[in-house]
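The primary structure of each chain is shown beneath.
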Amino acid sequence: MTQRDDSVGIIQQELTAFARRARATAARMHPELSLVSYTLLAHLEDQKGCRATDLAAHYLLDKSTVSRQISALERLGFVERRVDPDDHRVQVLHPTERGAEVLANAGAQRRQAFTARLADWDDADLERFASYLLRYNEAQQRLG
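Parameters at a glance
- Residues numbered from 1 in each chain as written.
- Predicted model: local features only at pLDDT ≥ 70, side-chain atom pairs only at ≥ 80, totals over all residues.
- Heavy atoms only, no water.
- Helix = DSSP H or I, 4+ residues; strand = E, 2+ residues; numbered from the N terminus.
- Buried < 20%, exposed > 50% of the residue type's maximum accessible area, 1.4 Å probe, protein only.
- Areas by Shrake-Rupley, 256 points an atom, 1.4 Å probe, with all protein chains shown as cover.
- Lys, Arg positive; Asp, Glu negative; His and termini not counted.
- Charge placed at Lys NZ, Arg CZ, Asp CG, Glu CD.
- Expected span 1.5 Å × (residues − 1).
- Arc of directions from axis to C-beta.
- Contact = heavy atoms within 4.5 Å.

## Topic: the overall build of the protein
Within the protein one finds six helices and two strands. Seen along its three principal axes, the alpha-carbon backbone of the protein occupies a region of about 55 × 30 × 25 Å. Out of the 144 residues belonging to the protein, those deemed buried represent 24%. On the protein, roughly 10500 Å² of surface is accessible, and the fraction owed to carbon and sulfur atoms is 52%. Counting 20 positive and 21 negative side-chain charges, the protein places the averaged centre of each group 5 Å from the other.

## Some details on helix α4 (residues 63–75)
The end-to-end C-alpha separation of α4 is 18 Å, in line with the 18 Å expected for 13 residues at 1.5 Å each. All of the buried residues along α4 are Val66, Gln69, Ile70 and Leu73. Within α4, the buried residues cover an arc of 100° as seen down the axis, which keeps them to one side. The exposed residues of α4 that point more than 90 degrees off its buried face are Arg68 and Arg75. In this fold, the buried residues of α4 make contact with α2 (35–47), α3 (52–59), β1 (79–84) and β2 (87–95).

Here's what the structure looks like:
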């Protein structure tokens, strides 16, 4: 194995550990809002609403997965369906006022947790880490 192979292995291992911790942390912060649900709700907020098929396409998720998550969010009163004013056959998903409030609270808790974890990093390290994450996610979007 080369040093590059070793580095890729470490990255894979650490990202897997990060994902597991993120799911566990999300469950503790708001037991009703899984990491997937949080992500979908945040996307709806960022986009000012969108269709379920758009969520599935954006996150490369199966439509049935999105449907289950959206149904759960609707039952909790976090998401509502509205008729698209441009095409009355289409329903657009939007966060409810309660959903936006829960999202804001969860987001604030997440930001506090990240701030605490990164408290002893200097500004240059934070900037470099942020740029690497952006670069990684951009590559992932390009390559699928």
